[in-house]
Structure formats: C-alpha cells, structure tokens
Amino acid sequence: MNKRRSILVFTALISACTALTGCLSRSINTRPTVVSDGMGSDLRIFLDDSCLPEETRGPGDRTLGFGQELALQAGMLMFDSVGAWLQQMGAPKIDRSTGVVSGKLFTSPDMMEFNRNTGCVHVVREGFDPSGPSFGNAPQEFTTDWTRLGLVSRPSFYAEIRLKPDEERSGYFTGELLKVVANDFERQARYDSRDYLLVLDFERPEPRTYVQFTPDGAVEFHDASGFARGVFKFPALQRGEYISGPAAKGLETGWMPLDFSGIDRDAGIFNLFVDVLELKRGDPLLSDVGSLLRSSAVQSAAEEELRKQIDKEGTRRDEEEERADALIAQRSLERALRRAVLDLRRTLADADTTSDDLIAARDDVEDALFDIDHQFGWRGPKPDDEIDAANALLDEADLRLEALLAAELGENQ
C-alpha cells in the first residue's frame, strides 16, 4: 500500500511539474539543440491577379500478450510514450514545408510589360482534404480567397503576397504581404505562438537554391540558379491570428531584381520555390521531465508497479509472504526479550552472582528492547506489558549491581 501511494504521489508530482512549466524557464540540464525533422505538411503555391485592382483584373488561372505479459508491455509502451511525448514537446524543432509554382515574369519575350497573372502569390499549407476542419469563423476576405482557390477545408497556414514591379522601370520588384494566418502548427507545445520564416526563391528552370540547417538551428541558403529572393519574418505568430489590412502594412521583402537573361528566348520563365519554416521554441523543463520518465530507474519502478496491478494473484501471494515474514521476525524478537528477562531474573535470584554475570544478563535485556523499539513497520500492537516489566527488572538489576560493585570495591580495599 505504501509503495502504491508513493507511485500515485510521484505521478501527481509529475503532473504538477508539467502544469507549472509556464512559471519556469530554466532547466538543470543543458538546453537541447534545435533540429529539423524534414518536410512538413502539404504546401501548394498559386499565382493569379486576384490581389490587383478590380478594373484591370484578367481571367484568374490557377497553376497548380499475449495475456498479462502483453498487457504489461502495452502499459510500459504507453508510459514510455508519455515520456517521449514530453521530450518532443520540450525540444526545439524546425519544420519546413516546401512548394513550387512556375510562371512568366513578362507578357511576351520583348519583356516590356510585367505579367499580371503572376502578380499574386498564394501560399497554402493543407486545406484540400474534405474531412479537414471547416473554414469556421474566418474573416470573409480569407474565405473568399480560399473558395476561389479550390480549398475544401481550413488551411493550417495561408499567406498572400502581391508582387509589385518598380513603376519607374528600374528593373526591380518587391513583394508586399497582404494576408497571413497560422491556424494549426506542425507540432504541439505549451505556448500558442511560433516563429515563422516565409522565403520566396525565384529561379530560372535550372538547379534550384536549397535551404539547410546548422546544428544550432540556424538557416543557411545555398544559391544555384536563383535570381531573386524575398523573405518575410513573423516572430511569435499567434495561432489563429488573422493578419491583413493595416496589420500587414509595411511588411515587404525589399527590392528583388527582374530576370532579363532570357530576352532572346522566352518571357522571363521562372520557377518560384516557397519555403515555410516553422520554429517551435524549446521548453527545457518539459524535456527534462520526459527524460526522467524514460530513465531506467523510473521505468523499472513503473514496470514493477504495473506488474503488481496486472498480476493480482501473484501480488496477493507476495504480500502474504511479506506479512508472514514480518510476523515471524516480530515473534523472534518477542521470544528473545522473554529469554533475556528470564535469564536476568535467574541471575538476580542467584545469591552467588557477580557483577560481571549481572552486567551480561542486563545487557541482553537492553539489546532485546532496542531491537523491538527499532523494528520498522511493526504489525499490530507491541508487547507493551512485557516491555514495561523488562524496564522495571532493569531498574532492580541496576540497584543490585550498585550493591555488588560497592561490596567488591570494599573487599579490594
């Protein structure tokens, strides 16, 4: 029962630690490094002119156990999974979703006019599964875009960027953010925000630019055939936060060069690669709790407790054997006290007893009393009457011992 209570207390303590992570920010262990687990969910990119002025908008084209052992192992798997889940919740992670779309920068090979049908970039992560979540209470300006783009469920991430060439024909263009929302994150964590990086890479149809991560989670770009890149940073983007209108004002990529390299053979054909990088910040305490739950000591204790809960008959036998052993040990201590008391009485009754004989007999009684007093987890009432009688006999023995010692010392003098 005591062990079962200790396990329950330990479980409650773990739950309390998990619930209080919002109040703690430091860990006793080294903070884990940021890692990337590869590609995230489905990401699709669309180009059209829907974000340009209404009066000049063209037709919108889209590109597109057995028995108990089995129960025990299942229980241990569940226990280990909780630890692994906490470790994952606490570890910093970078997830990347990548999409690509192709288009033309200009309306014709003479490159005199910017192609309006590539003026709007829509970045959509998920949203094409009919069984997914509905649009819900999303703003009308978002749902209108999603319906027109063919979404059948709410996207987990959506952004709309308008590409604007320089009106003075300087040969540069910029990207302006019009809308963005992160409805669902790639990973769970205790906080409701993520750091996002939205990267637009414009490239000629040749080997592309690629992105990789350093061991500490930094982003590195390796150029191949790219001629322009635009980056949007969204620190601490809140889940379900719809950003548009005044909230998106001033969010631009900066100038990017138009590609005139194909002037003799095409109209500025390009591939647009879009990377959405989502950083889940680390929670060292959760990671430490997960590591603790997966440690060998805790796993062994959990396995022992689960085995007791599953093997009821075996647990009952073990408890009965433990109780029997404890009762046998107690009876032996009581018998030892009775024998010691009897020997001391005999010694006191002997008219020829010496101080040495009396000291040895009373020491045996004291040792028996000490063993009973320090027996852990005594079952049932202690033999208080016998203990009181033994203490009274010790007092009598002390008086007799003083007299014997005085007599012996007087004879020696």
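As the structure is a computational prediction, the values presented were derived from the model and not from experiment.

**Quick word on the overall build of the protein**
Helices and strands together make up the secondary structure of the protein, namely 8 helices and 13 strands. Of all 413 residues assigned to the protein, the portion counted as buried reaches 39%.

**Here we look at the nonpolar core**
Among the nonpolar cores identified, the biggest contains 37 residues, and V123, I161, L198, F202 and L272 are the most heavily contacted of them. Beyond its immediate sequence surroundings of up to four residues, L198 is in contact with V123, A159, I161, G230, V231, F232, F234, V274, D275 and V276.

**What about the state of the cysteines?**
Tallied over the entire structure, the rule returns 1 disulfide. Each sulfur in the disulfide pair C51 and C120 lies 2.0 Å from the other. Taking the sign of the torsion about the S-S bond as the criterion, the disulfide between C51 and C120, at about -100 degrees, is left-handed. The pair C51 / C120 is uniform in exposure class, with both members buried.

**A word on helix α7 (residues 355–373)**
With 19 residues, α7 ought to run about 27 Å at 1.5 Å a step, and its terminal C-alpha atoms sit 27 Å apart, in line with that. S355, L358, A361, R362, V365, A368, L369 and I372 are the residues of α7 that are buried. The buried residues of α7 all sit within an arc of 155 degrees when viewed along its axis, so they share a single face.

**Section: helix α3 (residues 140–149)**
Among all positions of α3, only F142, T143, D145, W146 and L149 are buried. What you see down the axis of α3 is that its buried residues fit within an arc of 160 degrees, all on one side. With respect to the buried face of α3, the exposed residues turned more than 90 degrees away are Q140 and T147. Elements that come into contact with the buried residues of α3 comprise β2 (43–48), β4 (120–125), β5 (157–165), β6 (172–182) and β11 (243–244). One or two positions beyond α3, positive phi appears at G150, with a value near 90 degrees.

**With respect to the environment of L151**
Relative to the helices and strands, L151 is located in the loop between α3 and β5. For the pair L151 and E126, spaced 25 residues apart in sequence, the C-alpha to C-alpha distance is 8.6 Å. Setting aside residues up to four positions removed in sequence, L151 forms contacts with V124, E126, G127, F128, F135 and W146.

**Looking at the confidence of the model for the protein**
Here the protein shows a mean pLDDT of 75. Residues at 70 or above account for 65%. Confidence drops under pLDDT 50 across residues 1–14; counting only partners more than four residues distant or on other chains, this segment forms 12 contacts. Note that residues 57–66 has pLDDT below 50 and, in this model, 20 contacts with residues that lie over four places away or in other chains.

**Observations concerning the pairing of β4**
Within β4, 6 of the 6 residues are buried, which leaves the element mostly enclosed by the surrounding structure. Where burial is concerned, the two faces of β4 agree: the one with C120, H122 and V124 and the one with V121, V123 and R125 are both buried. Looking at chain direction, β4 and β5 are connected through 6 bridges and run antiparallel. Along β5, the bridge assignment pairs H122 with E160.

**Concerning the environment of V100**
Position of V100 among the secondary structure elements: in strand β3 (residues 93–104). Residues V100 and D201 lie 101 residues apart in sequence; the distance between their C-alpha atoms is 9.4 Å.

**Things to note about a negative patch on the surface**
Where like charges cluster on the molecular surface, the negative patch consists of D350, D352, D356 and D357. Summarising the element assignment, D356 is placed in helix α7.

**A look at the pattern of salt bridges**
For the structure shown, the criterion picks out 19 salt bridges. Counted as one network, the salt bridges with shared partners bring together D48, D145, R148, E160 and K179.

**Points about the environment of G99**
Structurally, the position occupied by G99 is in strand β3. When its relative accessible area of 6% is taken as the criterion, G99 is described as buried. Spatially, the C-alpha atoms of G99 and R125 are 9.0 Å apart, while their sequence positions differ by 26 residues. Setting aside residues no more than four positions away along its own chain, G99 makes contact with L43, I45, L272, F273 and V274.

**Notes on the side chain of T347**
Among the structural elements, T347 can be located in helix α6 (residues 312–349). At 2.8 Å, the side chain of T347 forms a polar contact with the backbone oxygen of D343. In contact with T347, other than residues within four places in its own chain, are T353, D357, L358 and A361.

**Quick look at the pairing of β6**
Along β6, 10 of the 11 residues are buried, which leaves the element largely enclosed by surrounding structure. The pairing of β5 with β6 spans 9 bridges and is classified as antiparallel. Across the sheet, the residue bridging to K164 is T174, located in β6. Here β5 folds back onto β6 in antiparallel fashion, the turn holding 6 residues, of which R169 has a positive phi close to 55 degrees. Looking at chain direction, β6 and strand β12 (residues 256–257) are connected through 2 bridges and run antiparallel.

**Things to note about unusual backbone geometry**
Even without being a glycine, E126 presents a positive backbone phi close to 65 degrees. Mapping E126 onto the fold places it in the loop between β4 and α3. For E126, a relative accessible area of 32% puts it in the partly exposed group. One non-glycine residue, A236, lies in positive phi territory at about 55 degrees. With respect to the secondary-structure elements, A236 resides in strand β10 (residues 226–238).

Reading the values: the criteria
- Residues numbered from 1 in each chain as written.
- Predicted model: local features only at pLDDT ≥ 70, side-chain atom pairs only at ≥ 80, totals over all residues.
- Heavy atoms only, no water.
- Helix = DSSP H or I, 4+ residues; strand = E, 2+ residues; numbered from the N terminus.
- Buried < 20%, exposed > 50% of the residue type's maximum accessible area, 1.4 Å probe, protein only.
- Core = buried A, V, L, I, M, F, W, Y, C linked by side-chain atoms within 4.5 Å.
- Contact = heavy atoms within 4.5 Å.
- Disulfide = S-S within 2.5 Å.
- Expected span 1.5 Å × (residues − 1).
- Arc of directions from axis to C-beta.
- pLDDT = per-residue confidence, 0-100.
- Pairing = 2+ DSSP bridges.
- Patch = residues over 30% accessible without salt bridge, like charges linked within 9 Å, V, L, I, M, F, W, Y side chains within 5 Å.
- Areas by Shrake-Rupley, 256 points an atom, 1.4 Å probe, with all protein chains shown as cover.
- Salt bridge = Lys/Arg side-chain N within 4 Å of Asp/Glu carboxyl O.
- Lys, Arg positive; Asp, Glu negative; His and termini not counted.
- Charge placed at Lys NZ, Arg CZ, Asp CG, Glu CD.
- Polar contact = N/O pair within 3.5 Å; in protein donor to acceptor, adjacent residues only side chain to side chain.

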